[in-house]
Every structure is written in structure tokens, then in C-alpha cells.
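# Structural overview for review
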Amino acid sequence: MELTVLEEEAVLLKQADAIAFIKLLQVVSLDDPVAKLDDAVLSHLRNPYQTGLEINSSAVQHGIATYFTVEHSSVNTYESIQQSAMHCLEGEATQIPSYYNYTGVESIEHDMCPGTCVAFMGPFADLTHYPICNTDHYNPIKLHTSGGQMHIAHQKFITIPLSAQLQALWPNGGVFDVFDDFCKGCEFLQAVQWGDIKPDDIVLMISLNGAQLYESKLSDCWTYIWKQYVLPGGFIPGPNKLKNMDSFLFPGLHHLAALQNEGLCIWDAWHNIVFISNSFLIFITADGPGLVYFDGMKGTYYYPALLIPHHYAVAGSNHPDISIYELHDPDLTEYFDNLLKLYCKL
Ligand SMILES: [Zn+2]
């Protein structure tokens, strides 16, 4: 209902796009094509393995030793060593586990504008070119020479599905540590008290961060992670600024929304039980540059100031000191009214 009101008031294309993404997230499933989960992965998600990895051969031991030796290298490094050993040594070496065997985690690729404007998701999914920068979605030569059959994107970005990473956290009967001061906000505590958040559920925080890969080279890229432990969420190549972060976060948020809809099936190896865990996203965080994408500000950093500086008198922003003990609780109605004012003013 409130979303419909905002949709009617939206005057900017950016506002309409944001609402389109929110509406798409309201009806999602792990079976959706955008999730890009094949039948085997879906089957594993809904019916997790209930047997542990047997370390009963020198091939598996060799694989594990190699895995830890190259843990700071790329996946390709491990895969190359595994392939080489299987090719050169034959015999038992063919049983060296693949990288996927350890984690069950595979990355998913989606198309994006090579100028890092948008990901071709949601309202942009069917665009053959992005009109703002006029860049083609697909390689025009391959598209033309194949008679319109080969849709090869110019560039892709990576999303790491959260579900398999969460399932892998329960090899020893639940590995989440207790963070005593993790969160004591009344909304969180009430949700626990009312039984909305149960002991087996997963509470997540998303963190979006920019990174410059090389000191003296234009090499900015973006990553986002899910926290309880640090679980990779996705990697977005740069170096340009992203024009629509929503489109790049969409696959990761779609996956989370689908998990929230159907619950995540987890095998607790220690207690040998299978249970359904629900996921909650309670904190949205980012570094300075990343924050402007979440709060929608225009590249300028604003910090809320509670205390008025000495000898300061600027009309409109010289309110007296504010005590944090007198801040009132968040109010949904007030938030929506403010949002509506913002939409109408733009
Ligand atoms: Zn572009």
C-alpha cells in the first residue's frame, strides 16, 4: 500500500527504478531464473548432505594440505594443482577433492554495463544497451555473426550465494559464537522475546566497501560481505562509480529474500539433526564511499552532529545540543511521511 503511494509520487527515474527493485524482491523464489541455481544446487540446498567428508585416503589428505597451503591464493591455483596431480600421478590422485567439494559454494555471474553504470537486472534486464552511456549489453560482433543467437555480455560481476556458505557453518553443531554486546536494541530483543527470531535462526549484517586494488593505478572495485562470520556476498569491478548500486546488489538480496521466504535447511553434523533456519537482516553498514549508495546522498559525506560547535551560528543548523538519551524511538509512520515529503520535493 505505502509502496504504491510512493510509486505514484515518484518523479525521478531513479526513484521508479528503486521501487521496481523493491517490488521484485517481494515475490521471489530460489527457483527464479535470476537466482541461477541449477537443479543439483537447489537439491543440495533443500536436502543438505547428511554425511561428513571421510578423510581416509592420502588423496584427500593431500587435497586438504594443498587447500590450506594456498588458502591466500585464487581458487584457480588450487584447481590447477589438483588437475595437474590428477593428470601426472593418476591412480588414487583422481580422488583429490575439487574446490567445490570442500565448500559447496560456487559463484554466480550476471551481466553488467562495462562502464559500471548498471547491472542488467530487474528493470534493466531486457535492455540491449544502456541508454545513458549508450553501451551495448552484448558483444555486437558475436551477436551479429551468430544471427542474434549468441548473447555474450561485455562484462559480468560476481555474486556468491549466501545459502551454501551458511549451511557450511554447521559442521560441528552450530559454530556461531556468542557476542554479548552484539545487539541490545529493543526491536531485536523484542523479536527474540516474541519468538520471531529463534535460537536456530541467522541474524545478518551486510557491509558494502570500496577497495583500490593497486596503489598507483585506477583499480577501484566494490565488494559486499555478509557478517556473522565474514561471508563474501559479491564483487563488482570498477573503476568507474556505479550509477545504480541497487541493480548490483539485487542478485544477493534476491537470494536472501528467497531464503527468508522458504527457510534454509541445515544439517547439524554434531547433533545429527536437520532443521530449518530463518534469516534476518538487521544491520546495513558500509565504509564512507559505500554509504552514499545506501543512503542515496550525492557523494558528500554527512555526519550527524549532536553537539553544537563553539562559536557557531549558522541559521537553520544551529540547534542546541541533543542528548542521546532523549532521542525517541524510530517510528515507521514518521519515516514514511518524511520519505513522501522527500519524494514530492524532488
Ligand atoms: Zn554504462
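Scroll up a little and you will see the structure.
What counts and how
Residues numbered from 1 in each chain as written. Predicted model: local features only at pLDDT ≥ 70, side-chain atom pairs only at ≥ 80, totals over all residues. Helix = DSSP H or I, 4+ residues; strand = E, 2+ residues; numbered from the N terminus. Buried ≥ 20, exposed ≤ 12 C-beta atoms within 10 Å, placed from the backbone. Contact = placed C-beta atoms within 7 Å. Core = buried A, V, L, I, M, F, W, Y, C linked by C-beta atoms within 7 Å. Pairing = 2+ DSSP bridges.

### A look at the overall build of the protein chain
If you tally the helices and strands in the protein chain, you get twelve helices and ten strands. Sorting the 346 residues of the protein chain into buried and exposed places 18% on the buried side. Pairs at least 24 apart in sequence give 59% of the contacts found in the protein chain among residues at least 6 apart.

### Topic: helix α9 (residues 186-193)
Of all eight residues in α9, zero are buried; the element is thus mostly exposed. Phi turns positive one or two residues past the end of α9, at Gly195, with a value near 85°.

### A few points about the nonpolar core
In terms of nonpolar packing, the biggest core is built from 35 residues, with Met112, Val118, Ala119, Phe120, Leu242, Phe248 and Leu249 touching the most fellow members. Counting only elements with at least two residues in this core, the list comes to α8 (162-167), β5 (202-212), β6 (220-227), α10 (245-262) and β8 (264-268). If one sorts the elements of this core by residue count, α10 sits on top with eight residues.

### A word on the environment of Leu25
By the element assignment, Leu25 lies in helix α2 (residues 13-26). Take Leu25: there are 17 C-beta atoms within 10 Å of it, and that puts it in the partly exposed class. Setting aside its immediate chain neighbours within four residues, Leu25 contacts Leu253, His254 and Ala257.

### Observations concerning unusual backbone geometry
The backbone phi angle of Lys36 is positive, close to 55°, even though this residue is not glycine. With respect to the element layout, Lys36 can be found in the loop between α2 and α3 (39-46). A count of 15 C-beta atoms within 10 Å places Lys36 in the partly exposed class. Phi is positive for Asn134, which is not a glycine, with a value near 60°.

### Considering the pairing of strand β9 (residues 273-277)
As paired strands, β8 and β9 are joined by five bridges and run antiparallel to one another. By the bridge assignment, Cys265 is partnered in β9 with Ile276. What sits between the antiparallel neighbours β8 and β9 is a turn of four residues, in which Asn272 has the positive phi angle 50°.

### Description of the pairing of strand β4 (residues 155-159)
Pairing between strand β1 (residues 108-112) and β4: five bridges, direction antiparallel. Paired with Ile108 across the bridge in β4 is Thr159. Bridging between β4 and strand β7 (residues 230-237) involves two bridges; their strand directions are antiparallel. Paired with Ile158 across the bridge in β7 is Phe235.

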